[in-house]
Amino acid sequence: VCGLDQASASGVTFSPLRRAVDERQRIRRGARSDGPAVEWFQDTRYDGWARTLYQVGPEVTVNEHFRDEIHLARQVDRLPEAETLDAVGFVAKWHF
């Protein structure tokens, strides 16, 4: 799998993407939860692994047309500088 990473001043950096996902679904109290996901990004500007992204969280079915997804994420950057970002995300999905 390949993806595009963030844009730089000299253009868009192409980065191969490696992803590991636990595909087993767990259902508890009406919430469906996929396993944790880990993604690794390589930045071609620095020729090395630049970022690791960890995500975990459930998807809750509100009704036939609406689902909510809440997730926790940790992003660990190594190149060009070492930084860490922790986040809580919310996605509202409408199915019609």
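The structure under discussion appears in the preceding block.
Below or above, wherever it landed, is the structure these notes cover. (Residues numbered from 1 in each chain as written. Predicted model: local features only at pLDDT ≥ 70, side-chain atom pairs only at ≥ 80, totals over all residues. Heavy atoms only, no water.)

One pass over the structure, following the stated rule, counts one aromatic pair. Ring centres 5.1 Å apart and planes at 40° place the aromatic pair Trp94 and Phe96 in the tilted group. (Phe/Tyr/Trp six-rings, centres within 6.5 Å; stacked < 30°, edge-to-face > 60°.)

On to the pairing of strand β5 (residues 37-43), then. For β5, a buried count of six out of seven residues is recorded, marking the element as mostly surrounded by other parts of the structure. Linking β5 back to strand β6 (residues 48-56) in an antiparallel pair, the connection comprises four residues, with Asp47 at a positive phi of about 50°. (Buried < 20%, exposed > 50% of the residue type's maximum accessible area, 1.4 Å probe, protein only. Helix = DSSP H or I, 4+ residues; strand = E, 2+ residues; numbered from the N terminus. Pairing = 2+ DSSP bridges.)

Of note, the amide linkage connecting Leu79 to Pro80 takes the cis form, showing an omega dihedral of 0°. Mapping Pro80 onto the fold places it in the loop between β8 (66-77) and β9 (83-94).

This part takes up the environment of Asp86. Relative to the helices and strands, Asp86 is located in strand β9. On the accessibility criterion, Asp86 (48% relative accessible area) is partly exposed. Taking the C-alpha atoms as reference points, Asp86 and Val76, separated by 10 residues in sequence, lie 8.8 Å from one another. Filtering out sequence-adjacent residues up to four positions away, Asp86 remains in contact with Ala73 and Arg74. Within the structure, Asp86 has its side chain in polar contact with the side chain of Arg74 (distance 2.7 Å). (Contact = heavy atoms within 4.5 Å. Polar contact = N/O pair within 3.5 Å; in protein donor to acceptor, adjacent residues only side chain to side chain.)

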